Structures are given as structure tokens and as C-alpha cells.
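Understanding the architecture of this molecule
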Amino acid sequence: MDDLFLRIANIFFFVFHSALIIFNLFGWLFAHTRKLNLISLLLTFGSWVLLGIWKGWGYCFLTDWHYGILKRMGKSDLPSSYIAFLVESTTGWLPNAGLTNTLTLSLAVLALMCSLWVNFISQK
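Values in this document were obtained by computation on a predicted structure and should not be read as measured data.

Procedures and definitions
Residues numbered from 1 in each chain as written. Predicted model: local features only at pLDDT ≥ 70, side-chain atom pairs only at ≥ 80, totals over all residues. Heavy atoms only, no water. Helix = DSSP H or I, 4+ residues; strand = E, 2+ residues; numbered from the N terminus. Buried < 20%, exposed > 50% of the residue type's maximum accessible area, 1.4 Å probe, protein only. Contact = heavy atoms within 4.5 Å. Areas by Shrake-Rupley, 256 points an atom, 1.4 Å probe, with all protein chains shown as cover. Lys, Arg positive; Asp, Glu negative; His and termini not counted. Charge placed at Lys NZ, Arg CZ, Asp CG, Glu CD. Expected span 1.5 Å × (residues − 1). Core = buried A, V, L, I, M, F, W, Y, C linked by side-chain atoms within 4.5 Å. Phe/Tyr/Trp six-rings, centres within 6.5 Å; stacked < 30°, edge-to-face > 60°. Axes fitted to C-alpha atoms, helices over the stretch in contact; angles between N-to-C directions. Parallel < 35°, antiparallel > 145°, perpendicular 65-115°, else oblique. Left-handed = near helix turned anticlockwise from the far one by under 90°. Nonpolar A, V, L, I, M, F, W, Y, C, P; charged D, E, K, R; others polar.

**Examining the overall build of the protein chain**
Scanning the protein chain for helices and strands turns up five helices and zero strands. Reading the helices (α) and strands (β) of the protein chain from amino to carboxyl end gives α-α-α-α-α. Dimensions of the protein chain, computed from the C-alpha atoms along their principal axes, are close to 55 × 30 × 30 Å. Classification of the 124 residues of the protein chain by burial places 35% in the buried group. The contacts of the protein chain with a sequence gap of at least 6 include a subset with a gap of at least 24, amounting to 55%. Of the roughly 8,200 Å² that the protein chain leaves accessible, carbon and sulfur atoms contribute 72%. In the protein chain, 8 side chains carry a positive charge and 5 a negative one; their mean positions are 16 Å apart.

Below, the structure is given as C-alpha cells:
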């Protein structure tokens, strides 16, 4: 039963975390999801920065929980970035950590700026 639970949890985190990343990047495009997108982005940055004070810059509790499940499943040598994990899981290629971190932060900041724009500035 424990093995089945781990496999289900792994699939759940893979799908949910991937969908959340896509929503964070593009949720601002749709009028009905703009406010939720802004909240989600602020929570993401809050995790990266505020929780990062204690856990290390860029800390994501979803990554931490998913990696805990993967470790219990016997996986090791997981990359520090969840984006790198996704790229490696889907393509077999492990991107450079610096490139991954730079693109992740840049795209997240761009999405936040777009979300702020559509939620506050473009409405005036």
C-alpha cells in the first residue's frame, strides 16, 4: 500500500506542480484568472524569498514535498531546481543550473510584472 501511495503522490505532485508553473506564467492572460494568478505568483515569490530566509533562496515547499516522496521511492541525485527536474524527466537532458535559475527567475518576474499590469494599471 505504501508503494501505491508513493506512486500516486508522485503523479499528483508532477501534474499539480507543473500545472501551477504554467498557471503562474500564463494565468494573467485570462480576465477570469487574473486575480488568482497574482495571488499565486505572490505566494510563489513569498516561498522563494520569505521561506528562503530559513531554507535557502528559491525554496519551494512543493518541490521539497515532491522530492521527499521521490527519495522514499529510491530516487537520488535530484537537481536543486524543480524546473531542471521537469526538463530532465521529460527530455532526459539536465540543463545547467545557472541557466535554469536565471530563466526561472526571469520568466517569473516577467509574469509578475504582466500580472501586476493587467490587475492594476491597464484597468485605469
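Having seen the model, we can carry on.
**Thoughts on helix 5 (residues 97-121)**
Between its first and last C-alpha, helix 5 extends 35 Å over 25 residues, near the 36 Å set by a 1.5 Å rise per residue. Every buried residue belonging to helix 5 is among Thr100, Ala108, Ala111, Leu112, Cys114, Ser115, Val118 and Asn119, and all of these are buried. Elements that come into contact with the buried residues of helix 5 comprise helix 1 (2-26), helix 2 (34-55) and helix 4 (82-91).

**Some details on the nonpolar core**
Looking at soluble globular proteins, one finds that nonpolar side chains tend to be buried together. Core analysis: the largest hydrophobic core is formed by 16 residues, its most contacted members being Trp28, Phe45, Trp48, Ile69 and Leu112. For this core, the elements supplying multiple residues, two or more each, are helix 1, helix 2, helix 3 (61-72) and helix 5. The element that contributes the greatest number of residues to this core is helix 5, accounting for five residues. Residues Leu70, Tyr82, Phe85 and Leu86 belong to the second largest nonpolar core, which totals five residues.

**Some remarks on unusual backbone geometry**
One non-glycine residue, Asp77, lies in positive phi territory at about 55 degrees. With respect to the helices and strands, the residue Asp77 is situated in the loop between helix 3 and helix 4.

**Regarding the packing of aromatic side chains**
This model, assessed by the stated rule, comprises nine aromatic pairs. For the ring pair Phe12 and Phe16, a centre distance of 5.5 Å and an interplane angle of 5 degrees mean the geometry is stacked. A residue pair is termed a helical-turn pair when its members lie 3 or 4 positions apart in one helix, as Phe12 and Phe16 do in helix 1 at four residues. For Phe12, a relative accessible area of 47% corresponds to the partly exposed category. The interplanar angle of 65 degrees and the centroid separation of 5.2 Å between the aromatic rings of Phe45 and Trp48 together place this pair among those described as edge-to-face.

**With respect to the packing of helix 1 against helix 2**
For the pair helix 1 and helix 2, interaxial distance at closest approach is 9 Å and the crossing angle is 115 degrees. With respect to each other, helix 1 and helix 2 are oriented roughly perpendicular. In the packing of helix 1 onto helix 2, the handedness of the crossing is left-handed. Note on element contacts: helix 2 touches helix 1 through Leu36, Asn37, Ser40, Leu41 and Thr44, opposite Leu20, Phe23 and Asn24. The residue inventory of the contact of helix 1 with helix 2, partitioned by class, reads four nonpolar, four polar and no charged.

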